Each structure stands twice: as structure tokens, then as C-alpha cells.
Amino acid sequence: MSRAVILPAPGGHAELDADRTVLDRLIAQIREAGCDDVTVLSRPGADRPVKASQIESADADADLEHLGELAFAGDGALYVVCADLVASQATVAAVLSDSSRRSGVLVGADDPAAAPVTVERGLVTGPGPGPARLGGLAKISAAHLARLRRHWPRRSDGDAFASAIAALQARAIPVNAYGTKGLEHRQVGSAAEAREVIAAFEAVDMDAWRLGNAVKHDDDLFATYAVSTWSPRLVKLSARLGWTPTPITWVSIALALGAAAIFAAGHSLPLYLAAAALMYFSFVFDCVDGQLARYTQNFSSFGGWLDMMADRSKEFVLYAGLAAGAVAGGADAAAAWGVAIAAMATQTVRHTADTWYAVLLDTAVVRQARRRESAPPAGRAAHLGQRLGSASEQVMGAHRTPLYWAKRTIVAPVGERWLLLAVVAAAFGPLPAIAALLCWQLLALGYTTAGRTLRSLAARTAALRRPDRAAHRDDGPLARLVPRSPVGGDMTPFAATAAAVLAAASAVLAAALGTPPWVPFGLAGLALVLAASVARTDHEGLLDWFIPAGLRAVELGVVGASGIAAGVSWPVLYALMTVIALYFYDLAAGLDKAASPVARRDLGLGWPARGLIAISAAAVAAATVPAVATAVYAALAVYVAAVFVGAVVAGTVRASRAAAA
């Protein structure tokens, strides 16, 4: 259960009216934002009662000590608030409504007396020239409190609030910058100043402000001009009807399922146009659920997780519908399902790489701000990477210019991918649609991989050097049997994984060319051995952020090659690979959205065990009948799906009980 601790400040006692102070107003705002456990630290001699638990605290060092005691007394997030903060309810809720595992602090540019801070990539990295200034409201997530338990500061240097933020930064924990641009907030020293701030944000049309901030200003081309121009009307209608974001997500899923069903069954232009229309409205509702969450400030961990998982599930179901429709229309099954599997695997590998590249950038920002691993780039590749980074920032800074849109579109964002599928399917049929998408995906993967490799050398940061590395590798129990690699060097894990990816790709090619089964089986086994051999080796290389994506490519390649060689039913093979891909998207959700209901992944067996099962079943089937492998693949798909769904349900129930406690 989350709790809030309000630190003493003289401005908190400023009287707004006869029976309400700045502190009273702040307590009411915190409770309205959903946090009922509020504790106020007060100085000796403060005799005004407050409607919250109260602890007498002698000075800033005592504030920090009490803050630590309260921080580790529960199992939820901790909100640290300065008693003299005057802000709108929307500003307070912007921090308190964040149900993810992120930590952060409110920043703004309205308080000239507040400490200036440096903000990079949306993270507060420490003291700086501004213009952002530190606000009096911070969140420390439960996950980060666990990391601070043994490292809580003992001395405050006169400011307990700043010391708590510094403790996060000292442990290299990213500190998110919360902000509500256009709504003034300030730590005040008098009632007159408080009334001035209140008058400033009350003069803002809050409905227009919330609606304007609900739509992303840096969205992709199709979403910006084909959806966001009119979706705010749906957002207002949904809010008026009392709808929440999660049911809208389910509507989006249902529309995508309908489109996939039409593609699978339909063989005429009118039906394909109907499917395209359903795809469009599915994408519209996919945008609306996030916009509604921002408009109403109705966020939940499950909602953010469901939105991300739904996006990929819908897309993979559409691939399957197009493949099934192509086969029903007379296309070769191997060609149709093979292209769909390739598109699904490419998208999975690409998104995993995207997720970990974002981790790399955040890690670089945090560590370089602490003067660690911040040596200047060495070598031509690193210098080129640094120049590419600067050029990329300049292009993205030129908002909505042709070059800006070209850079955003070349990477094949979701709206543009769906547009391509709908248009090409209606014009040329299902198989050309998937093939065109696969070509674009491969182009995007090559483009991003080349540029990011060079920028990684310039960043000089080992993003996979972290305590939860094993979870993101998902090696499972077999990894515990693997000895540490006798080969040293920072490049060893990356080189072994790259070699495994090459072996897995060769296995797929051998299976597709119809070579004797022992060839793809042998190459698939080699891929497993290579990738698993470095499971217990420290991942300290500059390119190790590629490894999670490489492991996804290895497992999907091993399963795909073995299934093709053994003659596994194409729909069953696609289903198993899709379940495995979605299982890993949950890991991406844990990093990208900082939220996932899955607490443990032990029962998922780990990718080496799943790959070994696939190879073994395929080998038996090659010696007997293909139905053996088909049955095992189907059983494995059902098992992984059941484990995943069970973990999601258990995590959701656990979170609901914790919230109700």
C-alpha cells in the first residue's frame, strides 16, 4: 500500500482561509489522488492539528530518519512531499497516479527559488543550470525502495527531500521527471504567494488543458493526421459515458480479431475493404485508450501492460489471418505461413532490441551524470556514433518537418505497418501484404541496428550489467547447470550470442531448403549451446544490450527450423512461436512500461529447455511421423500460454488485494 510523508516547511502553515492552511489543502489533494496513508512530520511546538498522522521531528536529519522508517514499513510506493507545495490537483495526480515501478520527482520552471536541475531524456540527472527546477513532490517506487534499504542516507545536509532524491541517483536509479506544463506549481512562503499560484492555475481551462495533453505531440505520421485529428472527440464522449481505458482496449482487440477473421475467410475486394476498416478503427481505439487515460488521469499498471500486450497480440493475429486467407485463396502454405512467421519473428526481435536500446540510453544518461563510464569516445566508429547521435537529435528537434517524418516512418511504426497491410491486402491480396511488410521490417531492422551499434560505442555504457540480467535472458533452470565460460573479455557474451544467431538462421535456411533433417537439428543444437554457454558470464560489453534480442532470435529460429524440418503443421508452428514471442513481450513491458503482473517466470522452463524440447520432438517425428512433433508443439504452446496466463491472473489478483489492503 502506498503512503505519503509530508516534510515540514514554514510555508505549509500559511492560512488560505479561516480554517484551512496550505498543508491542509495538500493533505486533501493527496487523498483525492488515491493515497489515504498520509503522515505529517512537524517541528516541536507546532500546535495546529492536522487531519493526518503526525510525528514530531527535530530537524532535517531527523526528517530523513523518520522518512526511512516509514519508507520501509510497508510494501508500496513512497511519496515524499514538502508541506509548502501549492499545485493543482492535476499536478499532484500526475505523480501519484503513476502506478508503474518508476521513481521520479516533480519539476517545472515556475519557481525561481527552487533548485535548478538537469533533465535529459525525461530523467532528472542532478543539479544543473535549468530551466527545469525541482518541485516539492517525489515518488520512490517499491522496487527502488528495496534497493535503497541498505543504502538509506543518514545525514541530510539540511534538506531531507533533496537527500532522498540524491539517494536514488547515488544508486544509479533513473529518476523520472514529472511535469504538467502550463499549470504553475510552487513551494510558497506566504499566504499571498499561495493565493497567487492558485489563481494562476485556476485561470487555466482545465478541460482544454487535459484534452490537449491527452494527445501525444510526438506521435507517428499516420496517428498524428489520420487519428489524433478527431480522436479527442471520442475521448470526451468516453469520459462523459464513464468508460475507462481498459474496456476500450478490449474493443480494439475485438475489432482486430474481426479483421483477422475476414482476411482468413474473405476472398473479395469488399470483404478486404471491410477488414481494412476494422483495422483502422481498432487502431483508433488503441490510440483512444491511452488518450483517455491521460485525459482522466486514470492509470493502472494492468492497463499499461494490457495495452502493450494487446498491440502485439492484435498484430500477430492479423498476420495469421492473412496467412490463412492466402492459403485458402490457393497460395502455397509454406510460403504464406513462412512469411507470416518471418514477419512475426522479425518484429519480436526488433521490439526487443528497441526496448533494450532505450535501457542503454537511460543507463548512459544516469551513469555519465555520475561521472562514471563517461570517457570521451575512442576510435572512428565511436566518433561517428557520436555525430550520428547529434544529427538524430537535431532531426527530431525539427518537429514535423519532412526529414522528421521520414526518420519516424522509416522504422515502420505500428500505424504505418497496419496501413501497409490493409492497403496492399485490398489491392493485391494477403500474401503480397505480408511479404511487403516483411521487407519493410527487415529494412527498419537493418537501419536501426547499424545506427545504434555506432551510437552504443559512443555511449560507452554496459546496459546489461544489472542484477536482473538472468530474468531478461530467461535461461531457466538449465542455465544453473552451465559453468562459467573460461573465455574472458567484454565481447565474449555478445560474440557467443551473435554466433548462435548465425547458427539458428542457418538452421532455418537448411530446413527451408529441404536438407536432411540432421543438418537443421545439428545447427539448432549448436545455436542452443553457443547462446547458453555465456549465461553465467558477466555481461559488461558495450554491445551486450543486443543479447536479449539475440536470444529471442535464437529460440524462435531453433523452434522454427526444427518444426519445418519435422513437418509440423504450419498453424501449430505459428501458434507456438507466437506464444513464445508474447511471453517475451511481457519482459519488454516490464522495462518499457515499468509494469508487469508476472512476478515469477520459473515455470516457463527457460528458452534453452523449450528449444531442447522442440529439437527432441522434431527428431523423434523425423524418425517416425510428423504428427508426433505437431502434438508436442501444440502441447508446449498450451503449456507456455497457461503458465503465462496463470502468472498474469495471479499477479493481477495480488495487486488488487494489495491495493484494497
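Being a predicted model, the structure only gives us computed values, none of them experimental.

K.L.:
Residue-level account of helix α21 (residues 547–566), with values.
P.N.:
For α21, built from 20 residues, the straight-helix expectation of 28 Å at 1.5 Å per residue is met to within 8% by its first-to-last C-alpha distance of 28 Å. Most of α21 sits inside the fold, with 17 of its 20 residues counted as buried. At the exit of α21 stands Gly567, carrying a positive phi of roughly 75°.

K.L.:
Explain empty space enclosed by the protein residue by residue, including any values.
P.N.:
The rolling of a water-molecule-sized probe over the atoms marks out the regions of remaining empty space. Following the criterion strictly, the structure yields three cavities of 30 Å³ or more and no others. The volume enclosed by the largest cavity comes to roughly 60 Å³. Looking at the largest cavity, the residues that line it are Thr352, Trp356, His472, Pro548, Arg552, Phe584, Leu587, Ala588 and Leu591. Residue assignment for the lining of the largest cavity shows that the elements contributing at least two residues are α13 (333–369), α21 and α22 (570–592). Of the residues forming the lining of the largest cavity, the biggest block, four residues, is contributed by α22. A class-by-class count of the residues in the lining of the largest cavity yields six nonpolar, two polar and one charged.

K.L.:
Could you give an account of the pattern of salt bridges, naming the residues involved and the relevant values?
P.N.:
In total, this model carries 18 salt bridges according to the counting rule given. The closest approach of N and O atoms between Arg186 and Glu193, which form a salt bridge, is 3.6 Å. For Arg186, a relative accessible area of 13% gives the class buried. The residue Arg210 makes a salt bridge to Asp207 at a minimum N-O spacing of 3.6 Å. Linking Arg210 with Asp207, this pair stays in helix α7 (residues 206–214), spanning three residues, or about one helical turn. Among the ionic contacts, a cluster of salt bridges with common partners joins Glu184, Arg186 and Glu193.

K.L.:
Break down the layout of surface pockets for me, with residues and values.
P.N.:
Looking at the second largest pocket, its volume works out to about 660 Å³. For the second largest pocket, the lining is made up of 26 residues, of which Ala342, Ala345, Ala505, Val508 and Gly557 are closest to its centre. Looking at the lining of the second largest pocket, the elements that each hand over two or more residues are α13, α17 (430–459), α19 (492–512), α21 and α22. Counted by class, the lining of the second largest pocket contains 22 nonpolar, four polar and no charged residues.

K.L.:
Any details on the pairing of strand β9 (residues 117–120)? Residues and values, ideally.
P.N.:
Pairing analysis gives four bridges linking β9 to strand β10 (residues 123–127), with the strands arranged antiparallel. Looking across to β10, one finds that Val117 is bridged to Pro127.

K.L.:
How would you sum up the packing of aromatic side chains? Please name residues and give values.
P.N.:
Taken as a whole and judged by the stated rule, the model has 16 aromatic pairs. Relative to Tyr272, the ring of Phe263 lies with its centre 5.9 Å away and its plane at 35°, an arrangement referred to as tilted. Tyr272 shares its class with Phe263; the two are buried. Their ring planes at 45° and their centres at 6.1 Å tell us that Phe494 and Phe546 sit as a pair that is tilted. Linking Phe494 in helix α19 with Phe546 in the loop between α20 (518–532) and α21, this pair joins segments that are 52 residues apart in sequence.

K.L.:
Tell me about the nonpolar core, residues and numbers included.
P.N.:
Within the largest apolar cluster, 113 residues are counted, with the highest numbers of intra-cluster contacts made by Tyr319, Trp545 and Tyr574. With 15 residues, the top contributor of residues to this core is α22. For Trp545, the residues in contact, after removing those within four places along its chain, are Ala353, Trp356, Tyr357, Leu360, Arg452, Ser456 and Ala463. Judged by nonpolar contacts, the second largest core, of 29 residues, contains Val5, Val117, Ile140 and Ile173.

K.L.:
For the packing of α20 against helix α23 (residues 607–623), give the residues involved together with the corresponding values.
P.N.:
Look at α20 against α23: their axes get within 10 Å of each other, and the N-to-C directions meet at 165°. Relative to α23, the element α20 is oriented roughly antiparallel. Classified by chirality, the crossing of α23 by α20 is left-handed. Facing Phe521, Ala524, Gly525, Leu528, Ala531 and Ala532 of α20, the residues of α23 in contact are Trp607, Pro608, Gly611, Leu612, Ile615, Ala618, Ala619 and Ala622. Classifying every residue of the contact of α20 with α23 gives twelve nonpolar, two polar and no charged.

K.L.:
Could you give me a rundown of the pairing of strand β4 (residues 38–42), with the residues and numbers involved?
P.N.:
Within β4, five of the five residues are buried, which leaves it mostly tucked inside the rest of the structure. Side chains Val38, Val40 and Ser42 of β4 all project onto a buried face; the interleaved residues Thr39 and Leu41 project onto the opposite face, where all are buried too. Examined bridge by bridge, strand β1 (residues 3–7) and β4 share three bridges and lie parallel to one another. Bridged to Val5 within β4 is Thr39. Here β4 pairs with strand β5 (residues 53–56) via four bridges, running parallel. When the sheet's bridge partners are listed, Thr39 is paired in β5 with Ser53.

K.L.:
Talk me through the side chain of Thr448; I want residue IDs and the actual numbers.
P.N.:
With respect to the helices and strands, Thr448 occurs in helix α17. Taking the relative accessible area as the measure of exposure, Thr448 reaches 7% and is therefore buried. Thr448 has contacts with Arg350 and Val411, leaving out every residue within four places of it along the chain.

K.L.:
Can you lay out the packing of helix α11 (residues 269–296) against helix α12 (residues 301–328) for me, pointing to particular residues and giving the numbers?
P.N.:
The geometry of α11 relative to α12 is characterised by a closest axis approach of 11 Å and an angle of 170° between their N-to-C directions. The orientation of α11 with respect to α12, classified from their angle, is roughly antiparallel. On α12, the residues touching Met279, Ser282, Asp286 and Asp289 of α11 are Asp307, Asp311, Lys314 and Leu318. Across the contact of α11 with α12, the residue classes tally to two nonpolar, one polar and five charged.

K.L.:
Tell me what's going on with a nonpolar patch on the surface, and back it up with residues and numbers.
P.N.:
Taken together, the side chains of Leu237, Leu241 and Trp243 make up a nonpolar region of the molecular surface, amounting to roughly 300 Å² of accessible area. Relative to the elements of secondary structure, Leu237 occurs in helix α9 (residues 231–240). Among the residues examined, Leu237 registers a relative accessible area of 37% and is labelled partly exposed.

Here is what the cut-offs are and how they apply
Residues numbered from 1 in each chain as written. Predicted model: local features only at pLDDT ≥ 70, side-chain atom pairs only at ≥ 80, totals over all residues. Heavy atoms only, no water. Helix = DSSP H or I, 4+ residues; strand = E, 2+ residues; numbered from the N terminus. Expected span 1.5 Å × (residues − 1). Buried < 20%, exposed > 50% of the residue type's maximum accessible area, 1.4 Å probe, protein only. 1 Å grid on protein atoms, 1.4 Å probe; cavity = no way out; pocket = protein on both sides within 12 Å on 5 of 7 lines; lining within 4 Å. Points joined across faces, edges and corners; volume = space filled by probe spheres on them. Nonpolar A, V, L, I, M, F, W, Y, C, P; charged D, E, K, R; others polar. Salt bridge = Lys/Arg side-chain N within 4 Å of Asp/Glu carboxyl O. Pairing = 2+ DSSP bridges. Phe/Tyr/Trp six-rings, centres within 6.5 Å; stacked < 30°, edge-to-face > 60°. Core = buried A, V, L, I, M, F, W, Y, C linked by side-chain atoms within 4.5 Å. Contact = heavy atoms within 4.5 Å. Axes fitted to C-alpha atoms, helices over the stretch in contact; angles between N-to-C directions. Parallel < 35°, antiparallel > 145°, perpendicular 65-115°, else oblique. Left-handed = near helix turned anticlockwise from the far one by under 90°. Patch = residues over 30% accessible without salt bridge, like charges linked within 9 Å, V, L, I, M, F, W, Y side chains within 5 Å. Areas by Shrake-Rupley, 256 points an atom, 1.4 Å probe, with all protein chains shown as cover.

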